[in-house]
Amino acid sequence: MDTQLDEVGAPTLRGDRNPNHECYRQVRRNVAQLLAQPRPVDDPVVPACPDWTLRGLLTHLVGVAAAAIGRMSGWPPAQSSSSADMDIPELVATWEKLGAEADLLLADAGGRCGNILVMDAFTHELDIRYAIGAELPAAHPAFAGAFAVLAGGFADAVSAHDLPALRVSVGSTQWMIGDGDPAATLTATRYDLYRSLAGRRSHHQITALDWTRDSHRWLPAFTWGPFTPPRSAVEPVGLVRRVQRF
């Protein structure tokens, strides 16, 4: 299975990938800044993860950080109280404390565990932004590495379903998914593509993207690993929004 960027597009999506510990730290900082701002509802439901409110999502992030520390170090982190008893500010503070410990381990090694940790955190940062109506970041150090994890999972699903190769295009950047000559090209904005690969867009929304041929053949591959497209839209496609730089 070949998952590569064409050379002409390499600087845009893959570029120079930032170290995982820097990416993970930036995600935590962004989320802390976002949640320090007033919002109409203190603990809203997260549309991309409808079983969770904001507090539930943060509890997940705390748990994932603790588990990652255990996997990378061989020892579980010390935690004074259960996250189940924490409010949102306490969860943010606990995640930062655990995250600082994870950063040290990520800087030393991390490997696949670190790649997945960053992808999970960045994906949920975007979930939070959509949930509270915050702007999307103009640039983010975690994007390239997180996208590579999603593209790799999607490529494995394309192979598992014995589907023909697909070219994915974002502006002048092209990502080749699968073996052989691509049978179709999917063109989308980087966030529409990212959210589609991360199970945040419905089949109808994915089909509405710019395909050079019928998309239905590839739709099963958008269900992979922990990701399943929602039955109906949970967030808009192609929404034009101002973007933030944190």
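From a predicted model like this one, the values you see are computed outputs, not experimental measurements.

## Quick notes on the packing of aromatic side chains
Right, on to step 1. Overall, the coordinates contain 11 aromatic pairs when judged by the stated rule.
Right, on to step 2. Pairing W224 with F227 gives two aromatic rings, centres 5.0 Å apart and planes at 70°, and the pair type is edge-to-face. No difference in accessibility class separates W224 from F227, as the two residues are buried.

## Description of the packing of helix 6 (residues 143–160) against helix 7 (residues 190–197)
Right, on to step 1. Closest axis-to-axis distance for the helix 6/helix 7 pair is 9 Å, and the angle between their directions is 50°. As the angle between them shows, helix 6 and helix 7 are arranged oblique. When the axes of helix 6 and helix 7 are compared, the crossing they make is left-handed. Every residue of helix 7 that contacts helix 6 at F143, A146, F147, L150, A151 and F154 is listed here: R190, Y191, L193, Y194 and L197.
Right, on to step 2. Among the residues making up the contact of helix 6 with helix 7, the classes are represented as 10 nonpolar, no polar and one charged.

## Some points on the pairing of strand 3 (residues 49–53)
Right, on to step 1. The sheet contact formed by strand 2 (residues 45–46) and strand 3 spans two bridges and is antiparallel. Of the residues in strand 3, the one forming a bridge with V46 is C49.
Right, on to step 2. As consecutive antiparallel partners, strand 2 and strand 3 are separated by two residues.

## Describing the environment of V237
Right, on to step 1. Considering the arrangement of structural elements, one finds V237 in the loop between strand 8 (210–211) and strand 9 (243–244).
Right, on to step 2. Distance from V237 to L193, taken between C-alpha atoms, is 9.6 Å for residues 44 residues apart in sequence.
Right, on to step 3. Every residue in contact with V237, bar those within four places of it in the chain, is listed here: D192, R201, Q205 and L209.

## Quick notes on the pattern of salt bridges
Right, on to step 1. Scanning the entire structure with this criterion turns up 10 salt bridges.
Right, on to step 2. R28 serves as the salt-bridge partner of D103, at 2.7 Å between the closest nitrogen and oxygen. Of this pair, D103 sits in helix 4 (residues 88–108) while R28 sits in helix 2 (residues 20–35), and the two are 75 residues apart along the sequence.
Right, on to step 3. A residue is classified by how much of its surface remains accessible, and R28, at 3% relative accessible area, is buried.
Right, on to step 4. Note that R200 and D127 form a salt bridge whose closest N and O atoms lie 2.6 Å from each other. One end of the pair, R200, is in the loop between helix 7 and helix 8 (203–207); the other, D127, is in helix 5 (residues 111–132), and 73 residues separate them in sequence.

Definitions and cut-offs
- Residues numbered from 1 in each chain as written.
- Predicted model: local features only at pLDDT ≥ 70, side-chain atom pairs only at ≥ 80, totals over all residues.
- Heavy atoms only, no water.
- Phe/Tyr/Trp six-rings, centres within 6.5 Å; stacked < 30°, edge-to-face > 60°.
- Buried < 20%, exposed > 50% of the residue type's maximum accessible area, 1.4 Å probe, protein only.
- Axes fitted to C-alpha atoms, helices over the stretch in contact; angles between N-to-C directions.
- Helix = DSSP H or I, 4+ residues; strand = E, 2+ residues; numbered from the N terminus.
- Parallel < 35°, antiparallel > 145°, perpendicular 65-115°, else oblique.
- Left-handed = near helix turned anticlockwise from the far one by under 90°.
- Contact = heavy atoms within 4.5 Å.
- Nonpolar A, V, L, I, M, F, W, Y, C, P; charged D, E, K, R; others polar.
- Pairing = 2+ DSSP bridges.
- Salt bridge = Lys/Arg side-chain N within 4 Å of Asp/Glu carboxyl O.

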